[in-house]
Amino acid sequence: MTTIESAEVIVTSPDRNFVTLRLTTDEGLVGLGDATLNGRELAVVSYLRDHVVPLLLGRDPHRIEDTWQFLYRGAYWRRGPVTMAAIAAVDVALWDLKARAAGMPLYQLLGGASRTGLLAYGHASGRDLPELFDSIRDHLDQGYRAIRIQTGVPGLQTIYGVASNARSAEPTGAAGGGRYDYEPAGRGAQPQEEDWDTRAYLRHLPGVFEAVRGEFGPELPLLHDGHHRMTPIEAARLGKALEPYDLFWLEDCTPAENQQGLRLVRQHTTTPLAIGEVFNTVWDYQTLITEQLIDYVRSAVTHTGGITALRKILDFAAQYQIKSGIHGPTDISPVGMAAALHLDLAIHNFGIQEYMKHGAKTDQVFQQSFRWEDGLLHPGDQPGLGVELDVDEAGQYPYVQAYLPYNRLADGTVHDW
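Since the structure is predicted, the reported quantities are computational estimates derived from the model, not experimental observations. Throughout, residues of each chain are indexed from 1 in the direction in which the sequence is written. Local features in this predicted model are restricted to residues whose pLDDT is 70 or higher, and side-chain atom pairs enter the listing and the counts only when it is 80 or higher, whereas totals over whole chains, interfaces and linings include all residues. Side-chain measures were taken over the full set of non-hydrogen atoms in the model, leaving aside hydrogen atoms and water.

### Notes on the sheet that holds strand β19 (residues 406-408)
- Strands were regarded as paired on the criterion that DSSP finds at least two bridges between them. What counts as a helix is a DSSP run of H or I of at least four residues, what counts as a strand is a run of E of at least two, and both are numbered from the N terminus. Strands sit in the order β7-β19-β20 across an open sheet of three strands; the sheet is mixed. Only two strands of the sheet have a single partner each, and these edge strands are β7 (193-195) and β20 (414-415).

### Topic: the packing of helix α8 (residues 232-242) against helix α9 (residues 261-268)
- In this description, a line fitted to the C-alpha atoms serves as the axis of each element, helices being fitted only across the stretch in contact, and the angle between N-to-C directions of two axes falls anywhere from 0 to 180 degrees. The N-to-C vectors of α8 and α9 enclose an angle of 25°; their axes lie 8 Å apart at closest approach. Here α8 is positioned roughly parallel relative to α9, judged by the angle of their axes. The way α8 lies across α9 gives a crossing that is right-handed. Residues Pro232, Ile233, Ala235, Ala236 and Lys240 of α8 form the contact with α9, whose participating residues are Gly261, Leu264, Val265 and His268. Oblique is the label for every angle not falling under 35 degrees (roughly parallel), over 145 degrees (roughly antiparallel), or within 65 to 115 degrees (roughly perpendicular). Should the near helix be turned anticlockwise from the far one by less than a right angle, the crossing is termed left-handed; should it be turned clockwise, right-handed. The contact criterion used throughout is that any non-hydrogen atoms of two residues lie within 4.5 Å.

### Digging into unusual backbone geometry
- With a phi angle near 65°, His228 is a residue other than glycine that sits in the positive phi range.
- By the element assignment, His228 lies in the loop between β8 (222-225) and α8.
- We note that Asp374 has phi near 60°; this positive angle belongs to a residue other than glycine.
- Considering the arrangement of structural elements, one finds Asp374 in the loop between β15 (371-373) and β16 (376-378).
- Categorising residues by exposure relies on relative accessible area from a 1.4 Å probe, with only protein chains included: less than 20% of the type maximum marks a residue as buried, more than 50% marks it as exposed, and the intermediate range marks it as partly exposed. For Asp374, a relative accessible area of 65% gives the class exposed.

### Observations concerning the pairing of strand β3 (residues 30-34)
- Of all five residues in β3, five are buried; the element is thus mostly enclosed.
- With burial as the criterion, each face of β3 is covered, one bearing Val30, Leu32 and Asp34 and the other bearing Gly31 and Gly33.
- Two elements, strand β2 (residues 18-25) and β3, share five bridges in a ladder whose sense is antiparallel. Following the sheet pairing, Leu23 is matched in β3 by Gly31.

### Side note on the pattern of salt bridges
- A pairing counts as a salt bridge when a side-chain nitrogen of Lys or Arg comes within 4 Å of a carboxyl oxygen of Asp or Glu. The full count for this structure, using the stated rule, is 21 salt bridges.
- Between Asp225 and Arg148 there is a salt bridge whose closest N-O contact spans 3.4 Å. Here Asp225, found in strand β8, pairs with Arg148, found in strand β5 (residues 146-151); they are 77 residues apart in sequence, far enough to count as distant.
- Look at Arg148 and you get buried, because its relative accessible area is 1%.
- The shortest N-O distance in the salt bridge between Glu251 and Arg298 comes to 2.9 Å. Of the two residues, Glu251 is situated in strand β9 (residues 249-251) and Arg298 in the loop between β11 (296-297) and α11 (306-318); the sequence distance between them amounts to 47 residues. Across the pair, exposure class does not vary: Glu251 and Arg298 are buried alike.
- Connected through salt bridges with shared partners, the residues Glu251, Glu277, Arg298 and Glu354 form a single ionic network.

Below, the structure written as structure tokens:
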């Protein structure tokens, strides 16, 4: 019987921090899993190294479902981002091993391809309309067929999603000559404080989408992320105000831990809703799916228990004509991104894939086979996930402390970021 001979937790920080689980069998096969939890990476490292790795040694790597249930139910303390990211890393590494042993790309083990390529959206942003328009054009030049729109708000200094405002962002746009990127986690001992005013945002945003539609026409799919900052009635107001601009989706319009709050949003707007990048299990979705309160599931493979768990959530969602929109910013490593692409290609109810290109250093550490052609992604046809980790290169970039920002209102109250 094949067994897991070694399990290593590798932390590297080429362009940002990543946590990777590397499993090796007694036959020499290697499988990789992503365990990155942005701003809390070392919590997952400890969970894996101190509690999970000792349980994996000597186990049969082909018993994926059994291992998933053992790690979830056997711990007694269930759910939560740290636990589910650790389980996800194991699950994805086991799927990688199984597909490598079979000599085929992972999507073939998941039922084969349901499409030829995956529609992806990029992140355009700007402090003002001219800068935003430049970013949109840059993304169109890169081949994106769908674009997320984030913009500055008059009177606010630094807000979520605007690359040129982010402390950790590289120079952006044609003038800066760098990547039009957005990585909110700032390196340092303390998180960055940002400011917020919901009323100013609600007044400003519809005019932004009116301008974007006027410049780029009605056909381009446009998305927007509210990033959990509105109450349900505020989210309902925004969704209704954006209806004339035909959004592909409005994401995370309100904190959806209060699943019933989406009933109010749904009553007042037909703008499609996407929810779930901070969710970890099917229980976070139960009301949202059964009452058809959302249109897209936003969870990441990395944070939701891996391929095994997210496939089950998406199959559940498919019964209600709800589609996938798997989380895929740069805090998902190339390993986690590859896992998402294989799942995307296989499921029937695929919707769209978030895609931010990693930096050059990250691409040296994680050598990838997935393709970006003509605005579509494909995971490639190498056995397994199609990602190889250069351990020596990873060792050149030790962990650097980094935190996501937080928000305060004008009176100093800490607000949802």
